[in-house]
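One-letter residues, chain by chain:
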Amino acid sequence: MWEQARGGADGGEDRREGSRRGRREGGGRGGRRSEGREGREGREDRPELPPQSPEEQARAICLRLLTGMPRTRRQLADALAKRDILEEVSEQVLSRFEEVGLIDDAAFAGAWVESRHRGRGLARRALAQELRTKGVAPTLVQEALEQLDSDQEEETARELVERKLRATRGLERDKRIRRLAGMLARKGYPEGMALRVVRRALEAEDEDADDLAI
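Conventions adopted
Residue numbering note: each chain is counted from 1, following its sequence as written. Residue-level local features of this predicted model are given only where pLDDT is at least 70; pairs of side-chain atoms are given and counted only at 80 or more, and the full residue set underlies all totals for whole chains, interfaces and linings. The basis for every side-chain value is the complete set of non-hydrogen atoms in the structure, without hydrogens or water. Starting at the N terminus, helices and strands are each numbered in turn, a helix being any DSSP run of H or I of at least four residues and a strand any DSSP run of E of at least two. The rule is simple: take the accessible area with a 1.4 Å probe, protein chains only, and divide by the maximum for that residue type; under 20% is buried, over 50% is exposed, in between is partly exposed. Buried and open spaces are told apart on a 1 Å grid over the protein atoms alone, a cavity being a set of points where a 1.4 Å probe fits but cannot get out and a pocket being an open set with protein on both sides within 12 Å along at least five of seven lines. Residues with an atom within 4 Å of a point are the lining residues. Grid points are joined across faces, edges and corners, and a volume is the space filled by probe spheres set on the points. Residue type decides the class: Asp, Glu, Lys and Arg count as charged, Ala, Val, Leu, Ile, Met, Phe, Trp, Tyr, Cys and Pro as nonpolar, and the leftover types, Gly among them, as polar. Any two of the Phe, Tyr and Trp rings considered here, Trp counted by its six-membered ring, make a pair once their centres fall within 6.5 Å; the pair's planes then place it as stacked at under 30 degrees, edge-to-face at over 60, or tilted in between. Any two residues whose heavy atoms approach within 4.5 Å are treated as being in contact.

Visitor: What am I meant to see in unusual backbone geometry here?
Guide: Phi is mostly negative for residues that are not glycine, and the peptide bonds are mostly trans. A positive phi is found at Asp84, a non-glycine position, where the angle reads about 65°. Residue placement: Asp84 occurs in the loop between helix H4 (73–82) and helix H5 (87–99). Overall, the relative accessible area of 69% leaves Asp84 in the exposed class.

What follows is the structure, given as structure tokens:
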């Protein structure tokens, strides 16, 4: 009986020892901890990506800005300067972008004139000022403005006045003239053209009123 009890105790110890060996050999908790350390060490051993060169940084900045909308060379140069890109690197990258057509100030100016004249009714003087602030060269500004002649500009002025005419009814005539001419002046129309267009619009309105009275 004593032997049986001893054998049972020895068997339990053997089983516990075997269980401990199984966990160590079969990947128990200790094995997982070891594997985790090895995994971390493996990740630390991976080579890190080399930092971007100044040229790569400049290209990435320009491409990101051009994705949203067209930009002039001056606008991109200003953006690179704010990000501390050296001037010689900036000039090199921007020149390359011009060579492949990603920067085209002439095309930018032409599209700007057409869009802002049709969409906002801006006259040549206001358009020229906007293009200059964006760094477009004077010769390119002049070329872009040539697509607008005086007749087209005056026609747009008439359309602007006609849309605003009703809102000024009830005011004195002189006040209406000042308000409508001021609206055209803010959009860059010459004073003489603005006054001529406004007076003609008011005269046409009076004639229409007389016709209705008859």
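Visitor: I'm lost on the layout of surface pockets in this one. Help?
Guide: Space left empty within the atom packing is revealed by a probe, the size of a water molecule, rolled over the atoms. If you add up the space inside the second largest pocket, you get close to 170 Å³. For the lining of the second largest pocket, the class distribution of residues is six nonpolar, two polar and three charged.

Visitor: Looking at this model, I keep getting lost on the packing of aromatic side chains. Mind explaining?
Guide: Pairs of aromatic rings are described using the distance from one ring centre to the other and the angle between the two planes. All told, the structure shown has one aromatic pair when counted by the stated rule. On the basis of an interplanar angle of 15° and a centroid distance of 5.7 Å, the ring pair of Phe108 and Trp112 is categorised as stacked. Of the two residues, Phe108 and Trp112 both sit in helix H6 (residues 105–120), four residues apart, roughly one turn of that helix. Judged by relative accessible area, Phe108 falls into the buried class, the value being 10%.

Visitor: Just checking my understanding: could you explain the environment of Arg199 for this structure?
Guide: Structurally, the position occupied by Arg199 is in helix H11 (residues 191–213). Given a relative accessible area of 41%, Arg199 falls into the partly exposed group. For Arg199, the residues in contact, after removing those within four places along its chain, are Arg173 and Ile177.

Visitor: Looking at this model, I keep getting lost on the environment of Ala58. Mind explaining?
Guide: Following the sequence through the fold, Ala58 ends up in helix H3 (residues 54–68). Residue classification places Ala58 among the buried positions, given a relative accessible area of 0%. Spatially, the C-alpha atoms of Ala58 and Val89 are 7.6 Å apart, while their sequence positions differ by 31 residues. Beyond its immediate chain neighbours, meaning those up to four positions away, Ala58 contacts Leu80, Ile85, Val89 and Val93.

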